[in-house]
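Chain by chain, the residues run as shown.
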Amino acid sequence: MIASGQIRAIQDTLKSVPCRIIPTSFEAEDVNLVGFPLHPLSRWDSCAQALSEFKSHGVMMRLPLFWQLEVLLWYACRTVPAPIFLNDPENMPVGAAALQLGGMDTVVTEQRDAGIFAEYVQKENEVVPKNWIIVHRADDTWSVPTSLSDCKVAQEVHLFPGLPILSQCPALMTEISGTPRFHIAQGNRFEPSANTFETPSKDAVPSFTLDIPRITAGGMCVCGDLIYTQAL
Amino acid sequence: MSTFDDLSALVERVTSQDAPALYRRHYGIDSDSGPLRIADWNSWQSLPFIDKAILQNIPIEERVFIEWGDINSIHASSGTSGRPPHFSPWVRLDGYEYRTRFHTFTRPALCSMPIHHQHEKFLDEFNVNPKLIVFDPRRARASVELARLAGIDSLFIFTGHLTLIGPEVERLGMGADIRFIELAGESCSRSLYNYAKRVFPNSVIVSFYGATEVENPPITYPCRPLSDAEPLEVHHPRDGYYIELIHPDTRELLPIQSGTEGEIVITADITRPSLQAVSPLVRYRTGDMARVFEEKCSTHNNWSFTMPGRVAMDFIKIPGGVLRAEEIERVLRSLGENVSDIFELHFKEIEDAGTVKISITLYLETTGATDLENLARQVERSTRVGAAFTYADGIARGMYLPITCVPFKPAYRGKRKRMIRNGS
């Protein structure tokens, strides 16, 4: 993901902005990786909503640490409330043990890890955790592994790690199979004609207009919001 | 400092009939009996110890003394002898107030210590912005790049991460900006200290002792920063923790007096509401060794200790006394700049001339042209294995074989094993 000129222009001033800094890429080796400012009081509301919907008992994070999401996820966990457990995605045995012995029942991970981990846990524990929150990379294909077909799954699409552009209401979370359907993540404005996404301006953190992958509007949800899907 | 009344109240609380069964079961209290009341220090000292193996047999939900939802985080530590990991719940977010003695916090920190929200909460007290940057040891470059953008001036990290962060900091020319480094998880060797001072020349370096099973590290606060003259980590027990030292084999309680070395037994005091733990520990055997440094520090009016290492790997009983990693470290530090205090001591017993002798190979980090033969003789003469008995004395008596020194390049990642038994 290449950061816009608007983001590049503020890099030297980030240290003087009250904010939380997240990377503009999902890949640590990305030469285009720079920092993106979130408001210091910003929270991961879509995740908190999913955790509350699932009534999560314990939440395991299997996202790379450099994505800077632990604190945001912890705040989300406090709303349930439920404890957080950090599992290095490369240490699946400890993750499986945490599900069995550490009180965890919810996994927060990304799509490319979910299937691999579910398969491992199925083999080790003979049962797959019941709750999943899956982060899709905006420039990836958005789908859920078939091994999670009996689970509760909330999906969201992030432009950068920690910047959801699409998320699901409880009604959409029930749709495991088929093309995932989303709403525009709360607090942001989508401009269909330009296919851009505008983040809110608050205090010292400016608004950003960001290009996003093409999405298609597809009817109204029972919750009253417009539904979007990934454009093919 | 915990008083007897604090400890007595703690025991009564953890053994009350409405408390989780953990301690009632451990102390053999039947279901009809009321809480355990201890009358004096003798009855305190007769309370059985608890350790990780015992805790591992009890499901986490049965070790939680507060509402489950109030737990902030769960942490894994390695299991005992091939068993699965042990999971410890934490609730407290405090414990780092002592940091302000060493640094004025106005800038963010790069943090690898668990758990990140706890450290962000600490910085929030000083309205520090931007927020904390989390260090990802698998992705050092990206983490340090974000830290540069945030303008960090401090590190809260595991000791082993220093050499992951250092090269990236040098690459970005940030070393002089770092003013405060806090280390945990492993002792900082002389050579690692020298490395840190070279890469981060303006930094104050401190360390604390913590244990995953004992909620809310740090258990101690640093007496003083590490310095060129004394790169030694000296710890004071924090308020809320009662620390006893025992002989790791006999379990005999040892006096807190200068030079005493024993296994750390911790009681996490939960009698004051602000110090409540999720899972209170009463006489918990940590497996970590401490050596009393001062019985009373004139600055902090509290006793202090240094950390020789783990019970399991930092001393070897041999005929004539005990060979201690800390003693080898002390000797190496006295031998000048051509050798660092990082080593691996490989120990075995060898049949020789009808008897069994101790054979030591000492793998050392050396610089320049070092006379290893001469170095080995110096180590033999200087290393005490008993009160008035050196390793050289043991060679003279035919108990030990001469030491062999071999150069090696140590890795800093993870915990270092300093004493390794190679079999007979």
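Our structure is the block above this text.
First, a word on what this report is: a plain description of the structure on this page. Small disclaimer: the values here were computed from a predicted structure and weren't measured.

Turning to the overall build of chain B, a few remarks are in order. Helices and strands together make up the secondary structure of chain B, namely 11 helices and 22 strands. Burial status across chain B gives 42% buried among its 424 residues. Of the contacts made within chain B by residues no fewer than 6 positions apart, 61% connect residues no fewer than 24 positions apart.

Of regular secondary structure, chain A possesses 6 helices and 14 strands. Over its C-alpha atoms chain A spans a radius of gyration of 17 Å, differing by no more than 12% from the 17 Å that the globule rule assigns to 232 residues. On the principal axes, the C-alpha backbone points of chain A span a range of 50 × 40 × 30 Å. Split into buried and exposed, the 232 residues of chain A put 50% on the buried side. Considering only residue pairs separated by 6 or more positions, chain A has 55% of its internal contacts joining residues 24 or more positions apart.

All right, on to the pairing of strand β5 (residues 106-110) of chain A then. Strand residues, when the strand is regular, have side chains that alternate between the two faces of the sheet. All names here are of chain A. With 5 of its 5 residues buried, β5 lies for the most part within the structure. Bridge count for strand β3 (residues 59-61) against β5 is 3 bridges, and the pairing is parallel. Among the inter-strand pairings, Met-60 is bridged to a residue of β5, identified as Val-107. Judged from the 5 bridges that link them, β5 and strand β6 (residues 131-137) form a sheet pairing that is parallel. Its bridge partner lying in β6, Val-108 is registered against Ile-133. A crossover connection joins β5 to the parallel β6 through helix α5 (residues 111-125); in handedness this β-α-β unit is right-handed.

Here strand β1 (residues 73-77) of chain B lies mainly inside the structure; 4 of its 5 residues are buried. Where strand β4 (residues 84-86) of chain A and β1 of chain B come together, 2 bridges link them in parallel fashion. Note on β1 of chain B: the bridge partner recorded for Ile-84 of chain A is Ser-73 of chain B. Note: β1 of chain B against strand β2 (residues 86-90) of chain B, 5 bridges, orientation antiparallel. Each residue of the ladder has a partner; that of Ser-73 of chain B, found in β2 of chain B, is Trp-90 of chain B.

Another aspect to go through is the interface of chain B and chain A. Taken together, the contacts link 31 residues of chain B with 33 residues of chain A. Counting only elements with at least two residues in the side of chain B that touches chain A, the list comes to β1, β2, α5 (116-124), β4 (133-134) and α6 (140-150) of chain B. Residue composition of the side of chain B that touches chain A, grouped by class: 15 nonpolar, 8 polar and 8 charged.

Parameters at a glance
- Residues numbered from 1 in each chain as written.
- Chains lettered and ligands numbered in written order.
- Predicted model: local features only at pLDDT ≥ 70, side-chain atom pairs only at ≥ 80, totals over all residues.
- Helix = DSSP H or I, 4+ residues; strand = E, 2+ residues; numbered from the N terminus.
- Buried ≥ 20, exposed ≤ 12 C-beta atoms within 10 Å, placed from the backbone.
- Contact = placed C-beta atoms within 7 Å.
- Rg over C-alpha atoms; globule rule 2.2 N^0.38 Å.
- Pairing = 2+ DSSP bridges.
- Right-handed = clockwise from strand over helix to strand, strands pointing away.
- Nonpolar A, V, L, I, M, F, W, Y, C, P; charged D, E, K, R; others polar.

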